[in-house]
Amino acid sequence: MFPKLILPSLFILLGLSLSAQKATLQGTVTDFESKLPVADAAVTVQKTGIVAATDAAGMFLIEKMPAGEFIVQVSAPGFQVAERPVKVKKGGSLVVDIVLKREIADNTNADLPTVTLEEADDETNGGGEVANLLHASRDVFQQISGYSWFAFRFRERGYDGENFPVYLNGVSINDPETGYAVFGEFGGLNDVMRRRESTVGMEANDFAFSEIGGASNIDTRASVQRKTTRASFAKSNRSYNNRVMLTMNTGLMPKGWAVSMSASRRWADVGTVPGTYFNGYSYFLSVDKKFGHKHTLNLTFLGAPSVRGRQTDTNAELFKLYGDNLYNPSWGYQNGKIRNAAVANTNQPIAIFRYDWNPSRKTGLSFSTYGQAGKRADERLEWANAYNPNPDYYRRLPSFIEDEGLSAAQAQFLQADEKNRQIRWDDFFDANRHNTEIIPNANGIAGNTVTGQRSIYIVEGRRSDSKEIGSNLLVRHTLNTRVLLNGGLNYSWYEGQNFKVINDLLGGDFYLDINRFALINNPTNPSLAQSNALISNRLVKEGDRFGYDYNENIRKAGAWGQAQISLRRFQFFVGAEVGQNSFWRTGNIQVGLFPNNSLGDSEKFKYMTWGAKSGAVYKLNGRNYLYANGFYGTRAPQFRDVFLSPRTRNSTVDGVKNNTIQSVEGGYQLRAPYFKARFTGYLTNFLNETETYQLFSPTANTFGTKNVKGIDRRHVGIEAAAEAKVYDRSWVLSGAVSVGKFQYTNRPTMTVTADEINQPVADFTDVTVYQKNFYVPRVPQTVGAFSVKKEGKKFWFASLTFNYADNFWYDFAEERRTIRGVEGVDQGSAAWRTIIDQVKAPEAYTLDLFGGKSWRIKRKYFLALNVGVNNLLDKKDIIVSGRETFLNSVRDVTDARLYNSEIMYGLGINYFASVTFRM
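This one's a predicted model, so the numbers in the text were calculated from it and none came from an experiment. (Residues numbered from 1 in each chain as written. Predicted model: local features only at pLDDT ≥ 70, side-chain atom pairs only at ≥ 80, totals over all residues. Heavy atoms only, no water.)

(A) Fine view of the overall build of the chain. For the chain, the count of helices and strands is nine helices and 48 strands. Computed over its C-alpha atoms, the radius of gyration of the chain comes to 31 Å, within 12% of the 29 Å expected for a compact globule of 919 residues. By its C-alpha atoms, the chain is 120 × 65 × 55 Å across when sized along the principal axes. Counted over contacts in the chain with a minimum sequence separation of 6, partners at least 24 positions apart contribute 69%. If you sum the accessible surface of the chain, you get close to 38600 Å²; carbon and sulfur atoms cover 56% of it. (Helix = DSSP H or I, 4+ residues; strand = E, 2+ residues; numbered from the N terminus. Rg over C-alpha atoms; globule rule 2.2 N^0.38 Å. Contact = heavy atoms within 4.5 Å. Areas by Shrake-Rupley, 256 points an atom, 1.4 Å probe, with all protein chains shown as cover.)

(B) Up close: the sheet that holds strand 47 (residues 901–905). What the three strands build is an open sheet, ordered 18-47-46; its pairing is antiparallel. Each edge of the open sheet carries a strand with a single partner, namely strand 18 (314–315) and strand 46 (879–884). Two elements, strand 46 and strand 47, share five bridges in a ladder whose sense is antiparallel. From the neighbouring strand, Ile879 faces strand 47, where its bridge partner is Tyr905. (Pairing = 2+ DSSP bridges.)

(C) Summary view of the environment of Asn658. Looking at the secondary structure, you find Asn658 in the loop between helix 8 (639–642) and strand 35 (659–672). Between the C-alpha atom of Asn658 and that of Gly633, which follows or precedes it by 25 residues, the distance is 9.8 Å. What Asn658 contacts, discounting residues up to four positions off in sequence, is Tyr607, Met608, Thr609, Thr634, Arg635, Ala636, Pro637 and Asn688. Of note is the side chain of Asn658, whose polar atom sits 2.8 Å from the backbone oxygen of Met608. (Polar contact = N/O pair within 3.5 Å; in protein donor to acceptor, adjacent residues only side chain to side chain.)

(D) Fine view of the pairing of strand 22 (residues 350–360). Pairing of strand 16 (residues 295–303) with strand 22 involves eight bridges; the strand directions are antiparallel. Counted as the bridge partner of Leu299 is Phe353 from strand 22. Sheet topology places strand 22 next to strand 23 (residues 363–383); nine bridges connect them, and they run antiparallel. Across the sheet, Ser360 pairs through a bridge with Thr363, a residue of strand 23. Once strand 22 ends, the chain turns through two residues before running back antiparallel as strand 23.

(E) Region of the structure containing the sheet that holds strand 10 (residues 196–198). With respect to topology, four strands assemble into an open sheet ordered 9-8-11-10, the strand pairing being mixed. Taken across any chain shown, the strands that pair with only one partner, and hence form the sheet edges, are strand 9 (171–172) and strand 10.

Structure, rendered in structure tokens:
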């Protein structure tokens, strides 16, 4: 019996002896700049296989540490990898403090894609895609997708831009009217926009309650900008040809002051797309004052005024007819000089004041307040009592002309001379100068008769000026080593001023401010055609407002809170938000058609919203993670979706309520110093959405409104990406894929209302739209990329990336998916399929080449050359915008003329090259 007992006892004693020889290693990881703890940092003891992760307080603990000398490596997203030598004694306990510095991309290809920021200053021109660039954090999938799939207009998970909130020094810069971030407001300021913190999907967020798409906070405070003087010059054949930029950062000076300044100019007299041009200036000033280690004040002022002659989409038939995928119908010659009719003019500077207070290592408070005011203007042609001057007008398309001989003659005419497919500016001047008219009782004055050249063609400016102020308060508190609490309050006051002005009378003396469609529909009652019934027969000149004039008043307030709990293996978070959105319309003129429903304030609408999300991470070890997150909440409708036609009246769409969002995601992530990977699956339901569009109805011969209510859609898919440094770690292999299925899941109802008669169009009143299982348009649902990069030892790099995109579906015309849309057509016939089938763009691919080289001069100066060539194979058939048309003035639904599409192609081979000098 005794021998049987002694042997196990000896093994137990031996185990206790070996355990006693083991040591304990513990430490704290903090941010060098903020002095705050860094949570979830990966801690690796090299050559031992021992890994750990920091908790919410930035602390880690490694028990049973072997004795000896080791290198402890710490890595975290957005920080430089830190290494710390340690010497561990047998049975001892060692405590270390490790400080991480933020990463700054100064000599990488990161500068190359940001040249396109100003190309996407609204959602229809790519605002959602640029969001991917700003959200391209150190997450491996977002790095690849943000930079590689921009040419395809990729949007992460197919979400709209409002699901990717962007913050600047803690305040939201998403437009209250649309929900999208307007990136043109800070275009050309790349040098000072490098500091950003981003979150992915629904993960916990320290600076905002982001819902389903993640968020980005750009930190432009002078004290966090790298001390430098930096000058650069760039050449490109994208939206502009030249860019000069100068940036000076003092860093934090001895008395606690820091100053950062940046300015740039971007320009192209003639762009790559015919008729386009660009002229933009940017300026930036940020001043910090630190008071000890606890208080910091910052004032930032920036702006990016720009004028851009744009390209517009046009009928697919014309691209085939002319054999030119860069055809642009929006320009022509005036006195031998190029003039564009679609000009965007933007200038909306912003000022931000921020106060940071850190009363202790555990607590931080940030308060930001901001103000913004400026204009957004879109120029375009307008006409009255004249033919449509646009060269791509559908009635002049060869396919629309029924007589075969006349159709062939029109095609030959358009092909014969470039001027025949351009805007004829000189003809407008001739027409206006020969149009002498007598206007009785002009400007509402009885007996006031005016004779002069009445312009029938003008250039109008559609203005969307705005004023906005707001504040945001953030609080962060580390309750203990396991629990981190954070939350915030926010409020914004917004007034959008919407009106038209006369920019150019094109040789005439005045323009008559009447509604031409109202006059056509009400010929016996001309008073209904007055744009402003208080001043009948009003004559307007250059600089005068006319047509419509109203304000959008939007107020938003919200509060949110979040708790993060870190255990040894698990990390949890739970958060909630509440908000109130209120808005109303203020009419500044009395519209003749709606004298009792257009002037003054409308009804005020208030929507209470809420949201809740939570998530969990299981740490297999310091490098491998499993995670799952979920969100459920409501969102208020946008102003544009509630008001039926805000340009003319206070009427609203009946029964518009909050929409609901349900979303879950889960996956696996690997974070190692030389290998990164992420795999995520997601499912999101958007329920009870409302969409309202302004359109022209040929049936009613008037402008009107299309309202679609009760829309449900589902976005489901996977994201996967990996990056590996192989061989001698100078070769980097990376790849990513996103496969989604974004579809509508129900049959909503639609009503089309004619403005000038204030009645629904008879054929389209509360009709069912059979769009169930249709694909969500304007985004490729299948994309992939593979890249090979070489990083040389003498500060050079080169990369080659292949990108692929498919399942890009056009915007579809709901009218075609109604009973009226297929009335009289045999179900299943070729005509039936033509009417109801959704149009898909062909698959697309690009090959991109990037490279760079830098030189250090006397250890003080830095010279860098970066070159990027996109679409190296010169693929010219990549469709980046597509929408169906429905010309319902043709009553025979089997007539092929009804079913056209308007599209836009991306650029062929394009490049960007920059030279940077830094000291």
